Amino acid sequence: MKPQIKEQYEKHLKAKRLETWKIRGTQLFILISFFVLWEVASRMQWIDPLLFSSPSNVFELFVSMLQSGTLHVHIGVTLLETILGFIIGTIGGIVIAASLWWSPFLSRVLDPYLVILNAMPKVALGPILIVSFGPNMSSVIAMGVLISIIVTTLVIYNAFRETDPNFVKVVDTFGAKRSQRFRYVILPASYPAMVSALKVNVGLAWVGVIVGEYLVSNQGLGYMIIYGFQVFNFNMVMLSLVLVAILATLMYQGVAIIERSMNKKRRQ
C-alpha cells in the first residue's frame, strides 16, 4: 500500500510541476507577444511611433543611458525612496493597528478620521508635504508612506479584530495578560493579513514615490517620466515605465518569498 501511495504522490507532484511550467510558459508567451506586437505596430505605423515609441528604441536608450552612467542613479534614487516608504509605511501601519487594538477607546475616537484619510486623495496633499519637508527626497518618501500607511492600518486592524474569539478564550482560561494574548494569538493569526498588506504596499509605495518625484524631484524614474513628457522624449517615458514595472515585480516576488518562508515556519 505504501509504494502505491508514494507513486500517487509522485504523480501528483509531477502534475503540479507540469502545470507550473505551463503557466510560466503562457506568461512568457504573452510577454514576448506583447513586445513583438508593439514593435511591429510601431514599425508599420499602426500606432504613432512618436507617442508610443518601440521596444527597439527603448532598448537603445536603455543601453545609451547605462553606458553614460545616468540610469543607475535614477534607478538607485527611486529604489531607495520606494523601499524606505514601503518599510516605514508597513511598520507604521502595523504599530498604529496594534495601538488601536490595544485601546478600544482610541479605536473609537480615531475610526472616522481613518475613514476620511483613506478616502482623501493623497496626491492633493503633495504640496503640503513639500512645504513641510522641503523639496527633497524626504517629501517623496513621505508621499510613499502617506499612501500606504492608512491602508495598512485598516487592513491589519480589521484582521486583529476578526481573530477567532475561541482562540482568545483558550489563552484567557490560562490567565493570559493582554500582551500575551496579542503576542501568542492575535499577531500569529494575522500573519496572512500582514502578508496581503505587504503585497498591496508594494504597489502603493511605487505609486506614492512616482507621484512624489513628479512634484519635486530632479532624479529618479518619476522624474524621467515627467521630463520625457516635457521634452517630448517618449522613449524615455516608456523606458521609465518598463523599469518601474520590472522593479515593482521584483519587489512583489521578494514579498512572495517572505510569505513562503513564513508559511514554512508556521508549519514547523
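Residues numbered from 1 in each chain as written. Predicted model: local features only at pLDDT ≥ 70, side-chain atom pairs only at ≥ 80, totals over all residues. Heavy atoms only, no water.

**Focus on the overall build of the protein chain**
Scanning the protein chain from N- to C-terminus turns up twelve helices and zero strands. Its C-alpha atoms give the protein chain a radius of gyration of 24 Å, clearly above 18 Å, the size a compact globule of 268 residues would have. Overall size of the protein chain, expressed as C-alpha extent along the three principal axes, is 70 × 65 × 30 Å. Per-residue burial for the protein chain yields a buried fraction of 36% across its 268 residues. (Helix = DSSP H or I, 4+ residues; strand = E, 2+ residues; numbered from the N terminus. Rg over C-alpha atoms; globule rule 2.2 N^0.38 Å. Buried < 20%, exposed > 50% of the residue type's maximum accessible area, 1.4 Å probe, protein only.)

**Some remarks on the nonpolar core**
Among the nonpolar cores identified, the biggest contains 26 residues, and F86, W206, L221, M224 and L239 are the most heavily contacted of them. Residue assignment for this core shows that the elements contributing at least two residues are helix 3 (55-68), helix 4 (71-102), helix 10 (191-216), helix 11 (221-230) and helix 12 (234-267). It is helix 12 that contributes the most residues to this core, eleven residues altogether. Setting aside residues up to four positions removed in sequence, W206 forms contacts with T78, L79, T82, L221, V244, L247, A248 and M251. (Core = buried A, V, L, I, M, F, W, Y, C linked by side-chain atoms within 4.5 Å. Contact = heavy atoms within 4.5 Å.)

**Section: a nonpolar patch on the surface**
A grouping of L28, L31, I32, V36, L37, V40, M44 and W46 is seen on the molecular surface, where their side chains present a nonpolar patch of about 800 Å² in accessible area. When you line up the elements, V36 lands in helix 1 (residues 2-43). A relative accessible area of 46% places V36 in the partly exposed class. (Patch = residues over 30% accessible without salt bridge, like charges linked within 9 Å, V, L, I, M, F, W, Y side chains within 5 Å. Areas by Shrake-Rupley, 256 points an atom, 1.4 Å probe, with all protein chains shown as cover. Salt bridge = Lys/Arg side-chain N within 4 Å of Asp/Glu carboxyl O.)

**Focus: the pattern of salt bridges**
With the rule as written, the count across this model stands at two salt bridges. Where R43 meets E39, a salt bridge forms, and the shortest distance between an N and an O atom there is 2.5 Å. Pair noted here: R43 and E39 are both in helix 1, with a separation of four residues, about one helical turn. R181 serves as the salt-bridge partner of D172, at 3.2 Å between the closest nitrogen and oxygen.

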